[in-house]
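Spelled out, the chains give:
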Amino acid sequence: GAGVSQSPSNKVTEKGKDVELRCDPISGHTALYWYRQSLGQGLEFLIYFQGNSAPDKSGLPSDRFSAERTGGSVSTLTIQRTQQEDSAVYLCASSLEHSSYEQYFGPGTRLTVT
Amino acid sequence: GNSVTQMEGPVTLSEEAFLTINCTYTATGYPSLFWYVQYPGEGLQLLLKATKADDKGSNKGFEATYRKETTSFHLEKGSVQVSDSAVYFCALSGYNQGGKLIFGQGTELSVKP
């Protein structure tokens, strides 16, 4: 079946602009995660959603970052007033349920802030 | 706290050589352990996993055994191929980690013909 998809695959934006990154999880997966992969910081957890529960936002680096998940499926990660240090690959993952711990990743969105 | 430490890369091997990539961890509770692989230009793929002590995960000729006594999960393959060239990430997750994956820093493997 279809895996996790993300769009766009690449995004170049100017410092100070807002960006939206989209994730479509695997159909039927109830848990959805966002991670960030950057040269200096490796792979970092950002936020996760599980069903209708309140999201765990403990990994978001600042209040410029937010995410939502509509209808228990598609998720959008929004970065406001982008900074150069936001340049990274943003990865989305989903799992059948939160307690299974086995996550499947999308191809990522490479964000470059100029 | 929770953390994963991998051997430094890059690792360069000749085709058919034996591969070991060391991974040790610190964790509360009893997490599951994973190896993910990232091929050039692609996303992370789950390579193998182990959910409890002494479990052995295996896939595509790769193996790793969950060693609780040494808090290790070393990745091994008996005979590497050029197509195995990638970055390998060791990770853990479990109830005490809130279901989040905690990753090591990654080890780049380059296999030469």
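1. Let's talk about the pattern of salt bridges
Side chains that carry opposite charge are capable of pairing whenever their charged atoms lie near each other.
All names here are of chain A.
(1) Moving on: If you walk through the whole model with that rule in mind, you get 9 salt bridges over all chains.
(2) Moving on: We note a salt bridge from Glu-14 to Lys-17, for which the minimum N-O separation is 4.0 Å.
(3) Moving on: Arg-36 is paired through a salt bridge with Glu-44; the nearest N and O atoms lie 3.1 Å apart.
(4) Moving on: Note on Arg-36: relative accessible area 9%, which makes it buried.

2. Observations regarding the interface of chain A and chain B
(1) Moving on: The interface of chain A with chain B comprises 17 residues on the first partner and 17 residues on the second.
(2) Moving on: Surface buried jointly by chain A and chain B totals about 1400 Å² across both partners, of which 59% is contributed by carbon and sulfur atoms.
(3) Moving on: Across the chain A-chain B interface, the total number found is 7 residue pairs in polar contact (both at pLDDT 80 or more).
(4) Moving on: Of all the secondary-structure elements, those providing two or more residues to the side of chain A that touches chain B are β4 (31-38), β5 (42-50) and β9 (104-105) of chain A.
(5) Moving on: Split by residue class, the side of chain A that touches chain B holds 10 nonpolar, 5 polar and 2 charged.

3. Quick look at the sheet that holds strand β9 (residues 75-77) of chain B
Residues and elements named next belong to chain B.
(1) Moving on: The strand order across the open sheet built from 4 strands is β3-β9-β8-β7, with neighbouring strands paired in antiparallel fashion. What marks the edges here is a single partner per strand, and that holds for β3 (19-21) and β7 (56-59). Averaged over all pairs of adjacent strands, the angle between their axes in this sheet comes to 15°, without regard to strand direction.
(2) Moving on: Here β7 runs beside strand β8 (residues 62-65); their pairing, made up of 4 bridges, is antiparallel. Residue pairing in the sheet places Ser-58 in a bridge with Glu-63 of β8.

4. Description of the nonpolar core
Residues and elements named next belong to chain B.
(1) Moving on: Trp-35, Leu-47, Leu-48, Phe-73, Leu-75 and Tyr-88 are the most contacted members of the largest nonpolar core, which has 26 residues in total.
(2) Moving on: Listed by contribution, the elements that provide at least two residues to this core are β2 (11-14), β3, β4 (23-26), β5 (32-38), β6 (44-50), β8, β10 (86-93) and β12 (107-112).
(3) Moving on: For this core, the leading source of residues is β10, giving 4 residues.
(4) Moving on: Apart from residues no more than four positions distant in its own chain, Leu-75 is found in contact with Leu-19, Thr-20, Ile-21, Trp-35, Leu-47, Leu-48, Phe-62, Glu-63, Ala-64 and Tyr-88.

5. Focus on the packing of aromatic side chains
Two descriptors summarise a pair of aromatic rings, namely the distance from one centre to the other and the angle between the planes of the rings.
(1) Moving on: Applying the stated criterion to the full structure yields 13 aromatic pairs over all chains.
(2) Moving on: Between Phe-105 of chain A and Phe-103 of chain B, the ring centres sit 6.2 Å apart and the planes meet at 65°, which makes this aromatic pair edge-to-face. Of this pair, Phe-105 of chain A sits in strand β9 while Phe-103 of chain B sits in strand β11 (residues 102-103), on two different chains.
(3) Moving on: The exposure class assigned to Phe-103 of chain B is buried, which follows from its relative accessible area of 9%.
(4) Moving on: Through a chain of ring-to-ring contacts, the aromatic side chains of Tyr-33, Tyr-35, Phe-45, Tyr-48 and Phe-105 of chain A together with Phe-34, Tyr-36, Phe-89 and Phe-103 of chain B assemble into a single cluster.

6. Focus: the confidence of the model for chain A
(1) Moving on: Mean pLDDT for chain A: 92, with 96% of residues reaching 70 or above.
(2) Moving on: The spread of mean pLDDT over the elements of chain A runs between β5 of chain A, the lowest at 92, and strand β2 (residues 10-13) of chain A, the highest at 98.

7. Points about the state of the cysteines
All names here are of chain A.
(1) Moving on: Summed over the entire model, instances satisfying the criterion amount to 2 disulfides over all chains.
(2) Moving on: Residue pairing for Cys-23: its cysteine sulfur links by disulfide to Cys-92, the two sulfurs lying 1.8 Å apart. For the disulfide bridge between Cys-23 and Cys-92, the dihedral angle about the S-S bond is near -65°, and by the sign convention the bridge is left-handed. Placement of Cys-23 in strand β3 (residues 19-24) and of Cys-92 in strand β8 (residues 88-95) is noted, with a sequence separation of 69 residues between them. An identical accessibility class is assigned to Cys-23 and Cys-92; each is buried.

The rules behind each value
Residues numbered from 1 in each chain as written. Chains lettered and ligands numbered in written order. Predicted model: local features only at pLDDT ≥ 70, side-chain atom pairs only at ≥ 80, totals over all residues. Heavy atoms only, no water. Salt bridge = Lys/Arg side-chain N within 4 Å of Asp/Glu carboxyl O. Buried < 20%, exposed > 50% of the residue type's maximum accessible area, 1.4 Å probe, protein only. Contact = heavy atoms within 4.5 Å. Buried area = accessible area lost by both parts, 1.4 Å probe. Polar contact = N/O pair within 3.5 Å; in protein donor to acceptor, adjacent residues only side chain to side chain. Helix = DSSP H or I, 4+ residues; strand = E, 2+ residues; numbered from the N terminus. Nonpolar A, V, L, I, M, F, W, Y, C, P; charged D, E, K, R; others polar. Pairing = 2+ DSSP bridges. Axes fitted to C-alpha atoms, helices over the stretch in contact; angles between N-to-C directions. Core = buried A, V, L, I, M, F, W, Y, C linked by side-chain atoms within 4.5 Å. Phe/Tyr/Trp six-rings, centres within 6.5 Å; stacked < 30°, edge-to-face > 60°. pLDDT = per-residue confidence, 0-100. Disulfide = S-S within 2.5 Å.

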